[in-house]
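# A structural walkthrough
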Amino acid sequence: MKIVLLILSIIFIISSIAPLSKREEWWIRGFDFPFVQFTVLGAICIIGWLFVYQFEGVGEGFIVGLLSAFFIYRITVIVPYTSLYRKALPKSEKDTTRLKILSANVLMSNDNYEGFLKVVKDVDADLLLLVEVDQKWHASIRTALDELYPNSVAHPLNNTYGMILYAKCPLKESSIEFLVEEDVPSIHTKIELSSGELIQFYGLHPRPPAPGENDESTQRDAELVVIGRKVKESEIPVIVTGDMNDVAWSHTTRLFMRLSGLLDPRVGRGFFNTFHAQKYLLRWPLDHVFLSHHFRVAGMKRLNNFNSDHFPIFIEVTLNPSTHAIVSKEYADKEDKEEASDKLDKVDI
């Protein structure tokens, strides 16, 4: 058992060092995802050494020291996604213009269309972004959703990267863009509210670094960099949402937030783990909603699953009428900008 504890301790240490690297190989970036699970493993290892085996000698003391240091680091990363931390975007206080957004990865092989439509009707969202939509999904839900949503931007595909945006409000300057890979689209549009205000919207679903997908995270990272730069140039409020195949605390997502200046409404509210819906011990937040400082949050929740491998994510926001805007505390420095340029160079953008 002591040998097992040693092996688990080494695994925890490796899993803590790997995410600190900027290397893009899929097996390195894969350590970003089960961050909380590995944190629990670290706690188990520390308890094992301190209270079961009562470590002896310099070697075991060194291992416990590393375990403790990485465990503390991990806790500092996790705490912002709990109620113990100050909210990045405060709760809405005034009854101003409200916008309800639903983002869902439907799972292309899933055929529970009625279950999905029930979720949609229950929350009555103003904006509905769907990813992994193929022609069969589009045909099966189109009639029902066209009655609820007069405006849409649709690009169904049979490669798990199709997407559709449905909207109750008018859409302007809508386009389907292939920013990095020719078979991975993104939706770009402006949303016109009843007040006449415009919001820039981006719907994303980049390909993940994983076996059978991409060997490296280069393409995913580059797409986030491109959008981050576009957001930074925007003069109107911005919403970026979708299954970004990355977690909130990863180096890539943090770089995206620094480049864009966007804020994460989960900070101070919770993890809102959306994947994997059927595997309780393997869950992390893959589906995101990032907002510019113009917004406040009226409510946010993970919705019921409809046989997809993702839970839908729902958020209700308001435009902030106050002139006292909350801005991101993180800014892209020279090193961030150089790293972003390097990522784009790798994909010839």
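It should be noted that the structure appears before, not after, this text.
In what follows, the accompanying structure is described. Fair warning: this is a prediction, and the values are worked out from it, not measured in the lab.

### Digging into the packing of helix α3 (residues 35-52) against helix α4 (residues 57-78)
Contact pair α3 / α4: the axes reach a minimum separation of 9 Å and the direction vectors enclose 145 degrees. In this structure, α3 meets α4 at a crossing whose hand is left-handed. Residue-level contacts link Phe35, Val36, Phe38, Thr39, Gly42, Ala43, Cys45, Ile46, Trp49 and Leu50 of α3 to Glu60, Ile63, Val64, Leu67, Ser68, Phe71, Tyr73, Arg74, Ile75, Val77 and Ile78 of α4. Grouping the constituent residues of the contact of α3 with α4 by class yields 16 nonpolar, 3 polar and 2 charged.

### Digging into the nonpolar core
Note on soluble globular proteins: their nonpolar side chains tend to be buried together. Residues Leu99, Leu127, Ile191, Ile239, Leu291 and Ile315 are the most contacted members of the largest nonpolar core, which totals 29 residues. When residues of this core are traced back to their parent elements, those giving at least two are β1 (98-105), β2 (127-131), β4 (163-167), β6 (186-192), β7 (198-204), β9 (287-291), β10 (295-302) and β11 (313-319). Formed by 23 residues, the second largest nonpolar core is a distinct cluster that contains Val180, Leu204, Leu259 and Phe290.

### Things to note about the pairing of β1
Within a regular strand, side chains alternate between the sheet's two faces. In terms of burial, β1 is largely enclosed, as 7 of its 8 residues are buried. Here β1 runs beside β11; their pairing, made up of 6 bridges, is antiparallel. Following the sheet pairing, Lys100 is matched in β11 by Glu316. Judged from the 5 bridges that link them, β1 and β2 form a sheet pairing that is parallel. Residue pairing for β2: Leu102 is matched across the bridge by Leu128. Each parallel crossover has a hand, and for β1 linked through helix α5 (residues 113-123) to β2 it is right-handed.

### Focus: the packing of aromatic side chains
The final tally for this structure, using the stated rule, is 13 aromatic pairs. Considering the side-chain rings of Phe35 and Tyr73, the 6.5 Å spacing of their centres and the 75 degrees angle between planes classify their relative orientation as edge-to-face. In this pair, Phe35 is assigned in helix α3 and Tyr73 in helix α4, connecting sequence segments 38 residues apart. The partly exposed category is assigned to Tyr73, whose relative accessible area is 33%. Measuring from centroid to centroid gives 4.7 Å for Tyr113 and Trp137, while their planes differ by 80 degrees, and the two rings are edge-to-face. Taken together, the residues span a long stretch of sequence, with Tyr113 in helix α5 and Trp137 in helix α6 (residues 135-148) at a distance of 24 residues. Over the ring of Phe35 we find Arg74, and its NZ or CZ is 4.4 Å from the ring centre. One cation-aromatic arrangement involves Arg302 over Phe311; the distance from NZ or CZ to the ring centre is 4.0 Å.

### Overview of the sheet that holds β11
Taken in spatial order, the 6 strands line up as β3-β4-β2-β1-β11-β10 in an open sheet, and their pairing is mixed. The open sheet is flanked by β3 (151-155) and β10, the only strands paired with a single partner. Ignoring strand direction, the axes of neighbouring strands in this sheet form an average angle of 10 degrees. Looking at chain direction, β3 and β4 are connected through 5 bridges and run antiparallel. Bridge pairing in β4 places Val153 opposite Leu165. Set on the sheet, α6 makes contact with β2, β3 and β4; between it and β4 the angle comes to about 10 degrees.

### With respect to unusual backbone geometry
Backbone torsion omega between Phe275 and His276 reads 5 degrees, so that peptide bond is classified as cis. Mapped onto the elements, His276 comes out in the loop between α8 (251-260) and β9. A positive phi angle is found at Asp348, which is not glycine, with a value near 60 degrees. Secondary-structure assignment places Asp348 in the segment after α9 (334-346).

### Some words on a nonpolar patch on the surface
Judged by side-chain polarity, Met1, Ile3, Val4, Ile7, Leu8 and Ile11 come together as a nonpolar surface patch covering roughly 580 Å² of accessible area. Look at Val4 and you get partly exposed, because its relative accessible area is 42%.

### Things to note about α3
For α3, built from 18 residues, the straight-helix expectation of 26 Å at 1.5 Å per residue is met to within 8% by its first-to-last C-alpha distance of 25 Å. Among the residues of α3, those classed as buried are Phe35, Phe38, Thr39, Leu41, Gly42, Cys45, Ile46, Gly48 and Trp49. Packing partners of the buried residues in α3 comprise α1 (2-17) and α4.

### Quick look at the pairing of β6
With 6 of its 7 residues buried, β6 lies for the most part within the structure. Pairing of β6 with β7 involves 6 bridges; the strand directions are antiparallel. Bridge assignment links Ile191 to a residue of β7, and that residue is Ile199. If you look at the hairpin formed by β6 and β7, you'll find 5 residues sitting between the two strands, and Gly196 has a positive phi there, around 95 degrees.

Scoring rules and cut-offs
Residues numbered from 1 in each chain as written. Predicted model: local features only at pLDDT ≥ 70, side-chain atom pairs only at ≥ 80, totals over all residues. Heavy atoms only, no water. Axes fitted to C-alpha atoms, helices over the stretch in contact; angles between N-to-C directions. Helix = DSSP H or I, 4+ residues; strand = E, 2+ residues; numbered from the N terminus. Left-handed = near helix turned anticlockwise from the far one by under 90°. Contact = heavy atoms within 4.5 Å. Nonpolar A, V, L, I, M, F, W, Y, C, P; charged D, E, K, R; others polar. Core = buried A, V, L, I, M, F, W, Y, C linked by side-chain atoms within 4.5 Å. Buried < 20%, exposed > 50% of the residue type's maximum accessible area, 1.4 Å probe, protein only. Pairing = 2+ DSSP bridges. Right-handed = clockwise from strand over helix to strand, strands pointing away. Phe/Tyr/Trp six-rings, centres within 6.5 Å; stacked < 30°, edge-to-face > 60°. Lys NZ or Arg CZ within 6 Å of the ring centre and 35° of its normal. Patch = residues over 30% accessible without salt bridge, like charges linked within 9 Å, V, L, I, M, F, W, Y side chains within 5 Å. Areas by Shrake-Rupley, 256 points an atom, 1.4 Å probe, with all protein chains shown as cover. Salt bridge = Lys/Arg side-chain N within 4 Å of Asp/Glu carboxyl O. Expected span 1.5 Å × (residues − 1).

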